[in-house]
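Residue-level structural notes
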Amino acid sequence: MTGERRYRAGEEIRVHHVMEATEPGIDVYVMGPKQVTDETVNGELRTAAGPPSADPFRPSEYDGRVVPGPAIDFNYEVTAYRFTRPGAYQILWKPGEWKSNVLEIEVVR
Amino acid sequence: MGELDDRPAAPAKEAKKPKCEASATGISLGKSGPIHDGDEYGLRTPINVRGKNLKDVQDSELVGTSVDHTGSMKDRPSAKSKNSDFMAADKIPDDRHVSSVSDHLDYYDNHGGDGSYSRLQMDLYKIPSCSIDTPQGMANSGYRIKRTVKKDGKKVVGIVTKTAEAVEIDGFKSGAGLTAKKEAKVTLREDAPSEKKEKSTTGAGPKKGK
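Our subject in this report is the structure included herewith. Because the structure is a prediction, the values reported are computed rather than measured.

1. Some words on the overall build of chain B
Of the regular secondary structure elements, chain B holds one helix and 16 strands. Buried residues in chain B amount to 40% of all 210 residues. Expressed as a percentage of contacts within chain B between residues at least 6 apart in sequence, the contacts between residues at least 24 apart total 71%. Of the roughly 12700 Å² of accessible surface on chain B, a fraction of 49% belongs to carbon and sulfur atoms.

Set out below in structure tokens:
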């Protein structure tokens, strides 16, 4: 999620990440902030690619509490972008087989 | 219609401040056990916050960057410090201390055999009902989580220990936790590769041919 949908060219756009486990039986690894991987802008990868994994939300190395679902995890790093060219931008977070909502950002002069 | 009572009102009693009795004094660990599902292994430890009126206490766990890398784990990059959000201290979920089996065997096989590293852990608390709104280090919540990979007879084993220790993490301090030690030992591979013999340079070995 972002604070606004419309930004001025060159203005910083900060993207916050939330994972929601909607069902029981899903473990949520709440320690963080965790690195955000596999985020694209207009289809182009703009963060590191995540390692191949059956569950991209399960860290390969972990210390700390694990909350049973249903639960919400806000403990991810914030990504930031500055677009100098006005126009429409789509930001998508897609770890593994999962996809976030698409952020439709409008950048104006 | 009744008569109005125009007598002067009795002086109001000074409002009594609610007594602040909530506290968070330390962390003990419940009955712990190993984790091993083929992909990951480690130690599971139930967390018990000690104190009073714990439903009024907010607790967060803080885990420091990895330290004291030895042997094959010297090549392993240091892990970053992490923390949880604050949550009610009377409903803390279990801790898990897990690693990837293949990752640890890779360090064992390709970086020099036995090795270890540690991370320090403590808890922070807030008690809004007592006007403690900024995070405080909890007195006896410090632990060291140590991971060791080593040859054990013909096996390669992974050992995870959680030991009470006074710690300082990101500027917060805590005394040693209230439980002395928990440990899990897991077989990562049944057959440890035999040590490589050095090549002979004397030419004294058996020779084939003329």
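Right, picking up where we left off after that structure.
2. Some words on the interface of chain A and chain B
Note: interface size is frequently given as the accessible area lost on complex formation between the parts. Taken together, the 20 residues of chain A in the interface contact 30 residues of chain B. Between chain A and chain B, roughly 1800 Å² of surface is buried when both sides are summed, and carbon and sulfur atoms account for 40% of that area. If you sort the residues of chain A by the area they bury against chain B, Glu61, Asp63 and Arg65 of chain A come out on top, with a joint share of 39%. Where chain A touches chain B, the interface holds 11 salt bridges. In this structure, Glu61 of chain A engages Arg76 of chain B in a salt bridge whose closest nitrogen and oxygen atoms are separated by 3.1 Å. There are 23 residue pairs in polar contact (both at pLDDT 80 or more) connecting chain A and chain B. Secondary-structure elements contributing two or more residues to the side of chain A that touches chain B are strand S4 (27–29) and strand S7 (62–68) of chain A. Per element, the largest residue contribution to the side of chain A that touches chain B is seven residues, and it comes from S7 of chain A. Residue classes in the side of chain A that touches chain B are distributed as nine nonpolar, four polar and seven charged. Inspection of the sheet shows S7 of chain A paired to strand S9 (residues 95–100) of chain B by four bridges, in the antiparallel sense. Directly across from Asp63 of chain A, in S9 of chain B, lies its bridge partner His97 of chain B.

3. Brief notes about the layout of surface pockets
Considered as a void within the structure, the largest pocket measures approximately 1400 Å³ in volume. Forming the boundary of the largest pocket are 43 residues, of which Pro51, Arg58, Pro59, Ser60 and Glu61 of chain A lie nearest the centre. At the level of elements, S7 of chain A together with helix H1 (101–110) and strand S10 (115–127) of chain B are the ones that each hand at least two residues to the lining of the largest pocket. No other element matches the three residues that H1 of chain B contributes to the lining of the largest pocket. Split into classes, the residues belonging to the lining of the largest pocket amount to 18 nonpolar, 11 polar and 14 charged. When its volume is computed, the second largest pocket comes out at roughly 520 Å³.

4. Some details on the pattern of salt bridges
If you walk through the whole model with that rule in mind, you get 22 salt bridges over all chains. Measuring nitrogen to oxygen at the nearest pair gives 2.9 Å for the salt bridge that ties Asp27 of chain A to Arg96 of chain B. Residue Asp27 of chain A is located in strand S4, and its partner Arg96 of chain B is located in strand S9; the two belong to separate chains. Note on Asp27 of chain A: relative accessible area 32%, which makes it partly exposed. Between Glu77 of chain A and Lys80 of chain B there is a salt bridge; the shortest N-O distance is 3.6 Å. With Glu77 of chain A in the loop between strand S8 (71–73) and strand S9 (79–82) and Lys80 of chain B in the loop between strand S6 (67–71) and strand S7 (82–83), this residue pair bridges two chains. One continuous salt-bridge network, built from bridges that share partners, spans Glu61 and Asp63 of chain A together with Arg76, Asp103, Arg119 and Arg147 of chain B.

5. Focus on the sheet that holds S4 of chain A
Pairing within the open sheet is antiparallel, and its five strands lie in the order S4(A)-S7(A)-S9(B)-S3(B)-S2(B). Two strands in the sheet have a free side with no partner beyond their single neighbour: S4 of chain A together with strand S2 (33–36) of chain B. Averaged over all neighbouring strand pairs, the angle between strand axes comes to 35°, with direction disregarded. Strand contacts of H1 of chain B: S2, strand S3 (40–45) and S9 of chain B, with the helix running at about 55° to S9 of chain B, the strand carrying the most contacts.

6. Quick notes on the side chain of Ser99 of chain B
Mapped onto the secondary structure, Ser99 of chain B falls in strand S9. In terms of polar contacts, Ser99 of chain B uses its side chain to reach the side chain of Arg147 of chain B, at 2.6 Å. When neighbours within four sequence positions are excluded, Ser99 of chain B is seen to be in contact with Ser60 and Glu61 of chain A together with Asp39, Glu40, Tyr41, His104, Tyr117 and Arg147 of chain B.

Conventions we followed
Every chain is numbered independently, its residues counted from 1 as its sequence is written. Ligands are numbered from 1 and chains lettered from A, in the order in which they are written. Under the rules for a predicted model, residues below a pLDDT of 70 receive no local features and side-chain atom pairs below 80 are neither given nor counted, while totals for whole chains, interfaces and linings still include all residues. Computation of side-chain values covers all heavy atoms of the structure but excludes hydrogens and water. For helices the rule is a DSSP run of H or I covering at least 4 residues; for strands it is a run of E covering at least 2, with both sets numbered from the N terminus onward. Type-normalised accessible area, obtained with a 1.4 Å probe on protein chains alone, sets the label of each residue: buried when under 20%, exposed when over 50%, and partly exposed for intermediate values. We call two residues contacting when some pair of their heavy atoms lies within 4.5 Å. Surface exposure here means Shrake-Rupley accessible area, sampled with a 1.4 Å probe, where a residue is shielded only by the protein chains that are shown. Joining two parts hides part of their accessible area as seen by a 1.4 Å probe, and the buried area is that hidden amount summed over both. Every case where a carboxyl oxygen of Asp or Glu lies within 4 Å of a side-chain nitrogen of Lys or Arg is listed as a salt bridge. Residues adjacent in sequence count toward polar contacts only when both atoms are side-chain atoms; beyond that, a polar contact is any pair of N or O atoms within 3.5 Å, and within protein one must be able to donate a hydrogen and the other to accept it. Under the scheme applied, nonpolar residues are Ala, Val, Leu, Ile, Met, Phe, Trp, Tyr, Cys and Pro; charged residues are Asp, Glu, Lys and Arg; polar residues are all the others, including Gly. One bridge is not enough; two strands pair if DSSP finds at least two bridges between them. Cavities and pockets were defined on a 1 Å grid built from protein atoms only: a cavity is a group of points that admits a 1.4 Å probe but offers it no way out, a pocket is an open group of points flanked by protein on both sides within 12 Å along at least five of seven lines, and a lining residue is one with an atom within 4 Å of any such point. Grid points are joined across faces, edges and corners, and a volume is the space filled by probe spheres set on the points. Throughout, an axis means a line fitted to C-alpha atoms (over the contacting stretch in the case of helices), and angles, computed between N-to-C directions, take values from 0 to 180 degrees.

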